Amino acid sequence: MKGIEFFPQVASTIAPSVDKLFFFLVALTIFFTVVLYGLIIYFSVKFRRKEENEIGRDFQSLALEISWTVAPIFLVLFIFYWGVKVYFMQVVPPEDSIEYQVVGKQWMWYFQHPNGKREINELHVPKGQNIVLKMISQDVIHSFFVPAFRIKRDVLPGRYTVAWFNATKKGKFHLFCAEYCGLDHSRMIGRIIVMEPEEYELWLEEGSVVSQKEDKPIPPEEKGKILFGKLGCGSCHRAEDSPLAPSLVGKYGTEVELSDGSTVKVDDDYLRESILDSQAKIVKGYNPIMPVYAGQLSEEDVMNLVAYIKSLGASEK
Amino acid sequence: MHQKENVNYLNVEYGIKSWLFTKDHKRIGVMYLIAVTLFFIVGALAALGVRLELLTPEGDLMSSDAYNRFFTMHGVIMIFLFLIPSIPAVLGNFVLPIMIGARDLAFPRINLLSWYIFIFSGIIGIIGILKGGIDTGWTFYTPYSSIYSHTPVVLVAFAAFLVGFSSILTGLNFIATVHTMRAPGLSWFRLPLFVWAMYATSLVIMLGTPVVAITLVLLILDRAVGLGIFNPTLGGDPVLFQHLFWFYSHPAVYIMILPAMGVVSEVVSAFSRKKVFGYKFIVYSSMAIAVIGFLVWGHHMYTSGQSALSGIVFSILTVLVGVPTAVKILNWTVTLYRGSVSFEAPMLYALGFMGLFIIGGLTGLFLAALGTDVHLHDTYFVVAHFHYTMVGGAIMGFLAGLHYWWPKITGRMYPEFLGKFGAIVVFVGFHLTFLPQFVAGYLGMPRRYHYYVPEFQFYNILSTAGATILGAGMILVIGYLVWSARYGEKAVSNPWRAVGLEWETASPPHPHNFEEVPRVEWDAYDYEYKYKKEGVSFA
Ligand SMILES: [Cu+2]
Ligand SMILES: [Cu+2]
């Protein structure tokens, strides 16, 4: 048996904020538990039955009743408010975050660094950097959970979710899958390895750890570009709108009008859907001639294609 | 010489047929008691397997596949076949009509039908176990349950679907009975709080259960014929399942806990021999819990990718649902004030309920608040929290009520010393099992983990030790109760000298409950009135 721990490690910028609220609630729980246990025991002993025919004397008090209905309302609203404050720190990634890609699969975690280097079940990251994880599952629902960072986010099939953190401590930290995902759910674990930024740079240079062939990592948007060519996307999608297909340049972030008259915002989820299941939403003025790529592309491929399309320029509109 | 016994519901007819075709709510209550006890034992054995396996971080006792089936069967059986039916179908069935001076429930045949549906679903569930059990967790999350699992999900989901109808019929029966069959003089605000609790529970059952029924049907269709509602590769939404599932399953925790709260109100009053403090506030808080309980399901999904705005709305509603719960705890505590408090086993269980529920309720705040829930969600913290509320609540409440009404049900007393001893063992065992899990969860141990990292072992050993004590306590309780049903001391009609219509009739009651229809001229728990009327001089 390994040593007994009482507190999880504190290794991200938000962990102390979560802990503060946590320990406030612990104090509150202990306080009320002691007070209430104390009262119950005190009343039980003081008013214990002393004689067989004894009955209690009625006691009612509207004032008491109202006060302990109203007082907790303020207390719980305060807790709610504090919880929301911490939550926003947890779920809104800072503007300058660097994107890493995560794909969950029964029962493994696949990672891709911004420079294209890939890893399985281990993620090396630099300390002190805002890092946003763009995550998707290839099969069932998983959940990305790093206790030392106090972050957790479900990883869904069919839709991107994000998590972010900024590691404050060098070291190795547990990564757990927190959403039950079948047979080896409890072994879908890994490690986040936090390094000094210089160390991390050196480590990045070491080449791929996933495949021998990729001795020099290729960034996701480059991979996407290669795929775009290989799959023949470019035969329809040119630099300018053509009668065949709309141009994808400058598309990201714009609003697109669909054939049914509605509009959608071009974001990662929309691009993903357009690529895999082009028939789901048809751009106005075009024929639904684009092939359906579902089943041919892995989630990693799609992420790379999306990265490429994003790199074709985002509109400021 | 034998003394000739009065006719009662137990001796009026004999033979297995007289039970299987009975329309007497009391007999049906007893048949429910036997059934839920058997299911409880199966569910407890599954828990035993889980706790033994978790003694060590390695998965050395069984395979992961087996482990996943064990925790799933534990959850499915305990929730659908024990916790939900336990108090309403056993104690509610038995005492609710007597408490309101009725001869039976409004629809006795439907009552029997609901028992058969229950048994039938239970049997389907057991067949599911014999076929190897399922491995989806009791929450059946898609798309794992709908596509990936290789176990008989359809069968077990069908059992869970079916058992809902038995709850619906029982709920319907209770509502109709309370509306139409109260004894003369028994106005709504004279009803015992247990009746109010059953009424609120029945409303929740009737409004919530159809939703889970539909959800399970959709799941079955997804799995059996590839409907695809929850299947992302067919354009479905797996998270939709979670919304639908929790829309019922959150209120379901109130189906488990409101009845227990009703029992505690009865018992605390009876063993303090005075009116409950703030009767109307307890009634209103039950109703508030029933209503708000329907609006908080999203608190199970803070990390599932729902929008921040819905997280906020669900969080505020969830913290607010804590308020009526706090009101109840405080009301029971102050009921002791100026009481004449005695400590027979039912009272120990009721006090134990309060002790566990205080912790269960307060730890709920950690999970209602968004910031802390993100870390604690799907960890052992949650496991500990819901065992404190649902097990600490529903099982302690059930045992309180079972001991309290045992003389009425069986006509025999349980052995008091063993009763008290058992209550203390269960209380201690419970704390030792679940307190360490709060720490393990905060450290980050995810739930449903077969293998775990060695840092968590200390807490798991404590927990398993506690579960052993808890299990021994339960064996003791079941043992002496069964023994006393036959060999216990004969019970008088009102052994606790409590106020309530059920104590005005014989133990065990006449087949029609009362020889003549009672008139109610007193408020609930009016000890002064009652004792004066009986000519008892009291201090
Ligand atoms: Cu998992
Ligand atoms: Cu809930």
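One structure accompanies this document, and this report is about it. This structure is a prediction, so every number in the text was calculated from the model and none was measured.

Here's the deal with the overall build of chain B
So, step 1. Each helix and strand in chain B was counted, giving 16 helices and zero strands.
So, step 2. Buried positions account for 68% of the 539 residues belonging to chain B.
So, step 3. Restricting the contact set of chain B to residue pairs at least 6 apart, pairs at least 24 apart contribute 81%.
So, step 4. When the accessible area of chain B is evaluated, it comes to approximately 17700 Å², of which 70% is carbon and sulfur surface.
So, step 5. Charge-centre separation for chain B: the mean point of 31 positive side chains lies 9 Å from the mean point of 27 negative side chains.

Here we look at unusual backbone geometry
Of all residues except glycine, most have a negative phi; of all peptide bonds, most are trans.
So, step 1. Look at the link from Q106 of chain A to W107 of chain A: it is a cis peptide, with omega at -5°.
So, step 2. Put simply, T142 of chain B and P143 of chain B share a cis peptide bond, and its omega is 0°.
So, step 3. Looking at where P143 of chain B falls in the secondary structure, it is placed in the loop between helix 4 (108–130) and helix 5 (144–148).
So, step 4. Its identity as a non-glycine residue notwithstanding, R448 of chain B has a phi of 60°, on the positive side.

Quick look at the coordination of the copper ion (ligand 1)
Residues and elements named next belong to chain A.
So, step 1. The coordination sphere of the copper ion (ligand 1) contains the protein donors C177 (SG), E179 (O), C181 (SG) and H185 (ND1), at a distance range of 2.1 to 2.5 Å.
So, step 2. Mapping the donors of the copper ion (ligand 1) onto the primary sequence yields the spacing C-x1-E-x1-C-x3-H. Both residues of the pair, C181 and H185, count as buried.

Concerning the nonpolar core
So, step 1. In terms of nonpolar packing, the biggest core is built from 197 residues, with L91, F140, F353 and W405 of chain B touching the most fellow members.
So, step 2. Sequence-distant contacts of F353 of chain B, that is, excluding residues within four places in its chain, are made with I257, A260, M261, V264, W332, G392, G393, M396 and G397 of chain B.
So, step 3. One finds M135, F144, F149 and F165 of chain A within the second-largest nonpolar core, a separate group that totals 55 residues.

Re the coordination of the copper ion (ligand 2)
Octahedral metal centres with six donors ideally show angles of 90 or 180 degrees, and tetrahedral centres with four donors ideally show 109.5 degrees.
All names here are of chain B.
So, step 1. Looking at the copper ion (ligand 2), the protein donor atoms are H250 (ND1), H299 (NE2) and H300 (NE2), and they sit 1.6 to 2.1 Å from it.
So, step 2. Donor residues binding the copper ion (ligand 2) come from one chain and are separated in sequence as H-x48-H-H.
So, step 3. Look at H299 and you get buried, because its relative accessible area is 12%.

Some details on the interface of chain A and chain B
So, step 1. Contact with chain A, which involves 89 residues of that partner, is made by 101 residues of chain B.
So, step 2. For the pair chain A and chain B, the summed buried area comes to about 8400 Å², and 67% of that belongs to carbon and sulfur atoms.
So, step 3. Inspection of the region where chain A meets chain B yields two salt bridges.
So, step 4. Taken together, chain A and chain B are joined by 34 residue pairs in polar contact (both at pLDDT 80 or more).
So, step 5. Broken down by element, the residue count for the side of chain A that touches chain B peaks at 18 residues, all from helix 2 (residues 62–91) of chain A.
So, step 6. Of the residues that constitute the side of chain A that touches chain B, the class distribution is 50 nonpolar, 19 polar and 20 charged.

Brief notes about a positive patch on the surface
So, step 1. A contiguous patch of positive charge on the surface is contributed by K46, R48, K50 and R57 of chain A.
So, step 2. The residue K50 of chain A is located in the loop between helix 1 (15–46) and helix 2 in this model.

A short note on the sheet that holds strand 8 (residues 161–166) of chain A
All names here are of chain A.
So, step 1. Spatially, five strands are ordered 3-2-1-5-8 in an open sheet, and the strand pairing comes out mixed. At either end of the open sheet lies a strand with only one pairing partner, and these are strand 3 (118–120) and strand 8. The sheet shows a mean angle of 25° between the axes of neighbouring strands, direction not considered.
So, step 2. Where strand 1 (residues 98–105) and strand 5 (residues 130–137) come together, seven bridges link them in parallel fashion. Each residue of the ladder has a partner; that of G104, found in strand 5, is S137.

A word on a nonpolar patch on the surface
Residue and element names in this part refer to chain B.
So, step 1. Nonpolar side chains collect at one region of the surface, where I34, L38, I41, L45, L48, L52, L55, L61 and I461 lie side by side and expose about 790 Å² of accessible area between them.
So, step 2. The biggest single contributor to the nonpolar patch is helix 2 (residues 25–53), with six residues.
So, step 3. Summarising the element assignment, L48 is placed in helix 2.

Describing the state of the cysteines
So, step 1. As enumerated under the stated definition, the model contains zero disulfides over all chains in all.
So, step 2. C233 of chain A carries a free sulfur, and the closest cysteine sulfur to it, the one in C236 of chain A, is 8.6 Å from it.

Brief notes about the packing of aromatic side chains
For any pair of aromatic rings, the description rests on two quantities: the centre-to-centre distance and the angle between the ring planes.
So, step 1. By the definition in use, this model includes 72 aromatic pairs over all chains.
So, step 2. Between F245 of chain B and W246 of chain B, the aromatic rings sit 5.2 Å apart at their centres with planes inclined by 85°, giving edge-to-face as the arrangement.
So, step 3. Its relative accessible area of 8% is what places W246 of chain B among the buried residues.
So, step 4. Measuring from centroid to centroid gives 6.4 Å for Y414 of chain B and Y480 of chain B, while their planes differ by 35°, and the two rings are tilted. Here Y414 of chain B, found in the loop between helix 13 (380–410) and helix 14 (416–443), pairs with Y480 of chain B, found in helix 15 (residues 457–487); they are 66 residues apart in sequence, far enough to count as distant.
So, step 5. Using a relative accessible area of 3% as the deciding quantity, one classes Y414 of chain B as buried.
So, step 6. Residue classification places Y480 of chain B among the buried residues on the basis of a relative accessible area of 3%.
So, step 7. Over the face of the ring belonging to Y160 of chain A we find K134 of chain A, whose NZ or CZ atom lies 4.6 Å from the ring centre.

Conventions adopted
Residues numbered from 1 in each chain as written. Chains lettered and ligands numbered in written order. Predicted model: local features only at pLDDT ≥ 70, side-chain atom pairs only at ≥ 80, totals over all residues. Heavy atoms only, no water. Helix = DSSP H or I, 4+ residues; strand = E, 2+ residues; numbered from the N terminus. Buried < 20%, exposed > 50% of the residue type's maximum accessible area, 1.4 Å probe, protein only. Contact = heavy atoms within 4.5 Å. Areas by Shrake-Rupley, 256 points an atom, 1.4 Å probe, with all protein chains shown as cover. Lys, Arg positive; Asp, Glu negative; His and termini not counted. Charge placed at Lys NZ, Arg CZ, Asp CG, Glu CD. Donors = N, O, S within 2.8 Å, 3.2 Å for Na, K, Ca; no water. Core = buried A, V, L, I, M, F, W, Y, C linked by side-chain atoms within 4.5 Å. Buried area = accessible area lost by both parts, 1.4 Å probe. Salt bridge = Lys/Arg side-chain N within 4 Å of Asp/Glu carboxyl O. Polar contact = N/O pair within 3.5 Å; in protein donor to acceptor, adjacent residues only side chain to side chain. Nonpolar A, V, L, I, M, F, W, Y, C, P; charged D, E, K, R; others polar. Patch = residues over 30% accessible without salt bridge, like charges linked within 9 Å, V, L, I, M, F, W, Y side chains within 5 Å. Pairing = 2+ DSSP bridges. Axes fitted to C-alpha atoms, helices over the stretch in contact; angles between N-to-C directions. Disulfide = S-S within 2.5 Å. Phe/Tyr/Trp six-rings, centres within 6.5 Å; stacked < 30°, edge-to-face > 60°. Lys NZ or Arg CZ within 6 Å of the ring centre and 35° of its normal.

These values are about where atoms sit, not about what they do.
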